[in-house]
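Now for the letters of each chain:
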Amino acid sequence: MAAVWSPVVLLLGFLAHKGAADITDGNSEHMKREHSLIKPYQGVGSGAMPLWDFMGSTMLTSQYVRLTPDERSKEGSIWNSMPCFLKDWEMHVHFRIHGGGKKNLHGDGFALWYAKDRLQPGPVFGNQDKFHGLAVFLDTYPNDETTERVFPYISAMVNNGSLEYDHGKDGRTVELAGCTADLRNSNHDTFLAVRYSRGRLTIMTDIEGKNEWKNCVDISGVRLPTGYYFGATAATGDLSDNHDIISMKLYQLVVEHSPDDENIDWTKIEPSVSLLKSPKDNVDDPTGNFRSGPLTGWKVFLLLLAALLGIIVCAVVGAVVFQKRQERNKRFY
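Definitions and cut-offs
Residues numbered from 1 in each chain as written. Predicted model: local features only at pLDDT ≥ 70, side-chain atom pairs only at ≥ 80, totals over all residues. Heavy atoms only, no water. Disulfide = S-S within 2.5 Å. Helix = DSSP H or I, 4+ residues; strand = E, 2+ residues; numbered from the N terminus. Buried < 20%, exposed > 50% of the residue type's maximum accessible area, 1.4 Å probe, protein only. Contact = heavy atoms within 4.5 Å. Phe/Tyr/Trp six-rings, centres within 6.5 Å; stacked < 30°, edge-to-face > 60°. Lys NZ or Arg CZ within 6 Å of the ring centre and 35° of its normal. Pairing = 2+ DSSP bridges. Axes fitted to C-alpha atoms, helices over the stretch in contact; angles between N-to-C directions. pLDDT = per-residue confidence, 0-100. 1 Å grid on protein atoms, 1.4 Å probe; cavity = no way out; pocket = protein on both sides within 12 Å on 5 of 7 lines; lining within 4 Å. Points joined across faces, edges and corners; volume = space filled by probe spheres on them. Nonpolar A, V, L, I, M, F, W, Y, C, P; charged D, E, K, R; others polar.

(A) Here's a closer look at the state of the cysteines. Going through the model one piece at a time under the given rule, you end up with 1 disulfide. Each sulfur in the disulfide pair Cys 179 and Cys 216 lies 2.1 Å from the other. Between Cys 179 and Cys 216, the disulfide has an S-S torsion of -105° and is therefore left-handed. Taken as a pair, Cys 179 in strand β9 (residues 177-180) and Cys 216 in strand β12 (residues 214-219) lie far apart in primary sequence, 37 residues in all. The exposure classification of Cys 179 matches that of Cys 216, with both residues buried.

See below:
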């Protein structure tokens, strides 16, 4: 017997497919050059670049911006000097991580930032801890030897200045979501896309040389203010790699917002995420995703409340159907 699909199911399927294809095609019409780093770079050889500041071990060449060389104990960063006031945006990053280290003998990785403060060196991939904003980590070295994850690993974090990044646990306690990505020592171009639109954060990769975007992170309920800065940082420790940024292209997304959204002062919003569970409840899953930990009291309460509401709805619907049938049967007597 053929399956019968309801309009709701078909609509959900269409929306899911559409969401996976939402990444922009890179139309230059919507690229914001004041927030983009593209070749040919200006200022090569002068130690300065218009609209971008860099510090630490960062080196500007004609082909790439090298955040760290393949040497121990290096930190480098590059930051856009213009705050971004777009409510909806998408960043495409063309990068390369490479070096002479063999499996698990390289590190540490680099991070992309949309943050309140810039040029603040620190322990989180070359940037300060307890930051305000969004961070996307491309972590190439597993500090936690007990983890079942496969590295390199991409993860996302939103911080309001109160959370600390735990290197010993590879940031698992504050991670929103992530995925494994074979992005080191690649023979082809590697790209990352970070999209933020109407509270939805999407991260996708194009690292297999197929010119296709692949889902990595998709989270709703994210609130990020306007007026923050884009940047990239990297760090090496006892192990090292070359961390190169080839381009960072920011695109403005043209979407409609509700009247309530238009009346908000987006510069005053506190970075936050509305999650059904705290990241601290996360338990490792070898697939790179998360499953829920033990049910806490409030989770049990929510489940019972949902079950109760479901029973009430079913009872009301059943009563209405029963009444309709009774009325119909009376007409035949």
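(B) Molecular detail of the side chain of Thr 202. Turning to its location among the elements, Thr 202 is positioned in strand β11 (residues 200-206). Accessibility expressed as a relative area gives 4% for Thr 202, which makes it buried. Excluding residues within four positions of it along the chain, Thr 202 makes contact with Ala 193, Val 194, Arg 195, Val 217 and Asp 218.

(C) Molecular detail of the packing of aromatic side chains. Scanning all chains against the criterion turns up 12 aromatic pairs. Geometrically, the ring pair formed by Tyr 114 and Phe 230 is tilted, given 4.9 Å between the ring centres and 40° between the ring planes. Within this pair, whereas Tyr 114 is found in strand β6 (residues 109-115), its partner Phe 230 is found in strand β14 (residues 229-235), the two being separated by 116 residues in sequence. Under the relative-accessibility criterion, Tyr 114 is labelled buried at 1%. With a relative accessible area of 3%, Phe 230 lands in the buried category. Seen from their ring centres, Phe 151 and Tyr 153 are 6.0 Å apart, and the 40° between their planes marks the pair as tilted. Exposure remark for Tyr 153: the relative accessible area of 2% places this residue in the buried category. Above the face of the Tyr 229 ring, Arg 118 is positioned so that its terminal group lies 5.5 Å from the ring centre.

(D) Seen up close, the sheet that holds β6. Spatial strand order, β1-β4-β14-β6-β7-β8-β9: 7 strands in an open sheet with antiparallel pairing. In this open sheet, the two strands that pair with only one neighbour each are β1 (52-56) and β9. Taking each pair of neighbouring strands and ignoring which way they run, the sheet shows an average axis angle of 15°. Note that strand β4 (residues 75-80) and β14 share 5 bridges and pair antiparallel.

(E) Broad picture of the confidence of the model for the chain. Averaged over all residues, the pLDDT of the chain is 84; the fraction at 70 or higher stands at 80%. Confidence drops under pLDDT 50 across residues 1-21; counting only partners more than four residues distant or on other chains, this segment forms 4 contacts. Within the model, the stretch residues 280-296 combines pLDDT values under 50 with 36 contacts to residues more than four positions away or in other chains.

(F) Here's a closer look at unusual backbone geometry. Cis rather than trans, the peptide bond between Lys 39 and Pro 40 has omega equal to -5°. In this structure, Pro 40 sits in the loop between α1 (7-20) and β1. Following Phe 151, the chain continues to Pro 152 via a peptide bond in cis, the omega torsion being 5°. One can find Pro 152 in the loop between β7 (132-139) and β8 (153-160). Positive phi, normally seen in glycine, also occurs at Lys 130, with a value near 50°. Relative to the assigned elements, Lys 130 resides in the loop between β6 and β7. Judged by relative accessible area, Lys 130 falls into the partly exposed class, the value being 41%. Backbone geometry at Asn 211 places phi at a positive 55°, although glycine is not the residue there.

(G) Main features of the sheet that holds strand β2 (residues 59-60). The antiparallel open sheet is built from 7 strands, whose spatial order is β2-β3-β15-β5-β10-β11-β12. Of all strands in the sheet, those bounded by a partner on one side alone are β2 and β12. Here 7 bridges tie strand β10 (residues 190-197) to β11, and the two strands are oriented antiparallel to one another. Counted as the bridge partner of Phe 191 is Asp 206 from β11.

(H) Broad picture of empty space enclosed by the protein. Per the stated rule, a full pass over the model turns up 1 cavity of 30 Å³ or more. A volume near 80 Å³ is recorded for the largest cavity. Lining the largest cavity, in full, are Trp 89, Met 91, Leu 112, Trp 113, Tyr 114, Leu 134, Val 136, Val 194, Phe 230, Gly 231 and Met 248. Elements that contribute at least two residues to the lining of the largest cavity include exactly β5 (89-98), β6, β7 and β14. For the lining of the largest cavity, the class distribution of residues is 10 nonpolar, 1 polar and no charged.

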